[in-house]
Amino acid sequence: MSSFEIKAYPELWQSLDMDVERFDKMRLMMGDIYEKTYLHQQNRPAAMAYFDSMIAEIHGGRIKELLAAKEEGRPVIGTFCVYIPEEIVLAVGGVCVGLCGGSQMSVPDAEKILPRNICPMVKSAYGFKAGRICPYFQAVDFVYGETTCDAKKKTWEILDRLVPTYVMEIPQCKNPRDIALWLEEVKDFKSKVEEVAGRLISEEDLAAAVKTMNNKRKALQRLNSLRHHNPSPISGKDGLLIEQIAFYDEPIRFTEKVNELCDELDGRVNSAVAVPGKNAIRIMVAGTPMALPNWKVHNLVEGAGAVIVNEESCIGTRYFKDLIDEDVTGMEAMLAALTDRYKEIDCSCFTPNDERISQVIKEFRDSRAQGIINYSLQFCHTYNLEEIRIREACEQEGIPYMFIESDYSPEDIGQLQTRIEAFLEQLEG
Ligand code: SF4
Ligand code: SF4
């Protein structure tokens, strides 16, 4: 019998027109997986209790906060990519939630209509809406997609039948004319958010939102730097969990809680308290995002006694490594500064993307890792192809390297476990 429980809110789910019976089964399964994956870890920081509570309330407490925002006329907007500027949503008092799917449970719903051979993250997200098995999807006023990859941009046309879906055109190059187009797209996003909120964003609103998000990103940077200590004071699983919760928690509260955790980790670093063992092999993960509850690779790596010390990923450093200049004034210049920050995100959908290759090597050095696992979701062409350049750079730098291409199904777990264990043995020398 599981002692951890994700709380049930059947009446609330019913009011959101969800498939309550099916969703409740998923809730129980996820609670069970969470307990085994997270609560059985030894010597976790006490401040992880807040993040456990965020998981316990993932389908209720936080949803109530979203619905309260809607009641007050504040828009609730769903996104799928770190290129959609949350600052603009916060500036009207709205709420931004990440709707990327990291679960196999919703994939069959998607495969009833979408092709099977597309990225599991797109299928999982679409399936949550199609099956009416995600309260976040049911609660949002609209969703804002982007044109980062073919699977996503064509899925938005189909998703629009189920929920109003708007699309931001993200260019594929970073030349001045691309950035000019990007800025116009950001302005369109601002207009849409203002239209739904029924009010315009002032410079003060935007400045406050930029500060809030910068503070949130600084807290995540602080946590990441703490993970780089050897021994690492927190497990990679917990690090990833916090990065995942960042996409749905209230930003000011989340920032406070991450900083509280960091204060505790500072103490652990000073007294060399490590989770897990002191001599654990240190691994850095690079590649495609791992949306909640995708803990597959972390589970296997840490289950084999190693520790993950950095995620070069959108659910990881790509989300928080860059800040927006807070000293800029005037709406036009502020929006340009915001766009400037977003263009620093080095997703593989861009070409050329030399910045990412150098960034992977930099993060490897900063994190004091001993090897890199480059992870790509199945059918993600851009990350799969960029793998060539990451591998070559690692060969050149003498960095031990392993590539994993996987989806959300449990079918390849045995094979991955064998490969990961062999890689760790190689690192042990
Ligand atoms: S990997 Fe690219 S497309 Fe996916 S969330 Fe990150 S920036 Fe967006
Ligand atoms: S992982 Fe790749 S294929 Fe999947 S949504 Fe992101 S960019 Fe698209």
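Every chain's residues receive numbers from 1 upward, in the order its sequence appears when written. Going through the entries in the order they are written, you letter the chains from A and number the ligands from 1. With the structure being a predicted model, the display of local features is reserved for residues of pLDDT at least 70 and the display and counting of side-chain atom pairs for 80 or more, all residues being used for whole-chain, interface and lining totals.

Undergrad: Summarise the sheet that holds strand β7 (residues 371-377); cite the residues concerned and give the values.
TA: For sheets, the rule is that strands pair by backbone hydrogen bonds, running either parallel or antiparallel. Read from one edge to the other, the open sheet built from four strands follows the order β6-β5-β7-β8, with strand pairing classed as parallel. With one partner strand each, in any of the chains shown, β6 (307-312) and β8 (401-406) form the two edges of the open sheet. For this sheet the average axis-to-axis angle between neighbouring strands, irrespective of direction, equals 25°. Where strand β5 (residues 282-287) lies against β7, five bridges are found, and the strand directions are parallel. The residue bridging Met284 from the neighbouring strand is Ile372, located in β7. Across the sheet, helix α18 (residues 381-397) is in contact with β5, β7 and β8; its angle to β7 comes to roughly 170°. Paired strands, in this sense, are two strands between which DSSP finds at least two bridges. A run of DSSP states H or I qualifies as a helix once it reaches four residues; a run of E qualifies as a strand once it reaches two. Both are numbered from the N-terminal end. Note on geometry: axes are lines fitted to C-alpha atoms, helical ones only across the stretch in contact, with angles between N-to-C directions running from 0 to 180 degrees. The contact criterion used is a C-beta to C-beta distance within 7 Å, with each C-beta placed from the backbone.

Undergrad: Describe the site of ligand 1, listing the residues and the values that go with them.
TA: The C-beta atom of each residue is placed using the backbone, and any residue whose C-beta lies within 6 Å of a molecule or strand is treated as near it. With respect to spatial proximity, the complete set of residues near ligand 1 consists of Cys81, Val82, Tyr83, Thr148, Cys149, Thr288, Pro289, Cys314, Ile345, Cys347 and Cys349. Here the residues of the shell around ligand 1 are counted per class, giving nine nonpolar, two polar and no charged. The classification used treats Ala, Val, Leu, Ile, Met, Phe, Trp, Tyr, Cys and Pro as nonpolar, Asp, Glu, Lys and Arg as charged, and all other residues, Gly among them, as polar.

Undergrad: Can you lay out the site of ligand 2 for me, pointing to particular residues and giving the numbers?
TA: Taken together, the neighbourhood of ligand 2 is formed by Cys119, Met121, Val122, Thr148, Cys149, Ala151, Lys152, Thr288, Leu377, Cys380, Thr382 and Tyr383. Elements with a contribution of two residues or more to the shell around ligand 2: α7 (120-130), α9 (150-159) and α18. Here the shell around ligand 2 is built from residues that sort into eight nonpolar, three polar and one charged.

Undergrad: Outline the packing of helix α12 (residues 236-245) against helix α14 (residues 296-303), listing residues and values.
TA: One way to put it is that α12 packs onto α14 with a least axis distance of 9 Å and a crossing angle of 165°. Our classification of the angle between α12 and α14 gives roughly antiparallel. As for the relative orientation of α12 and α14, their crossing is left-handed in sense. Across from Gly236, Lys237 and Leu240 in α12, the residues of α14 making contact are His298, Asn299 and Glu302. Of the residues assigned to the contact of α12 with α14, the class counts are one nonpolar, three polar and two charged. Comment on the angle field: the value is read as roughly parallel under 35 degrees, roughly antiparallel over 145, roughly perpendicular from 65 to 115, and oblique elsewhere. By definition, any crossing whose near helix is turned counterclockwise from its far helix by less than a right angle is left-handed, and any crossing with a clockwise turn is right-handed.

Undergrad: Residue-level account of helix α10 (residues 176-197), with values.
TA: Multiplying one less than the number of residues by 1.5 Å gives the expected span of a helix. In a regular helix each residue adds 1.5 Å, so 22 residues correspond to 32 Å; α10 covers 32 Å between its end C-alpha atoms and thus fits that length. Counting other C-beta atoms within 10 Å of a residue's own tells you its class, since 20 or more makes it buried, 12 or fewer makes it exposed, and anything in between is partly exposed; those C-beta atoms are placed from the backbone. Within α10 the residues assigned to the buried category are Trp182, Val186, Phe189, Lys190 and Val193. Angular distribution of buried residues about the axis of α10 spans 100°; they occupy a single face of the element. Away from its buried face by more than 90 degrees, α10 exposes Arg177, Ala180 and Glu195. On the buried face of α10, the contacting elements are β1 (76-79), α5 (86-91), β3 (142-146), β4 (165-168) and α16 (331-342). Working definition: the arc comes from the directions between the helix axis and the C-beta atoms, pointing outward to the latter.

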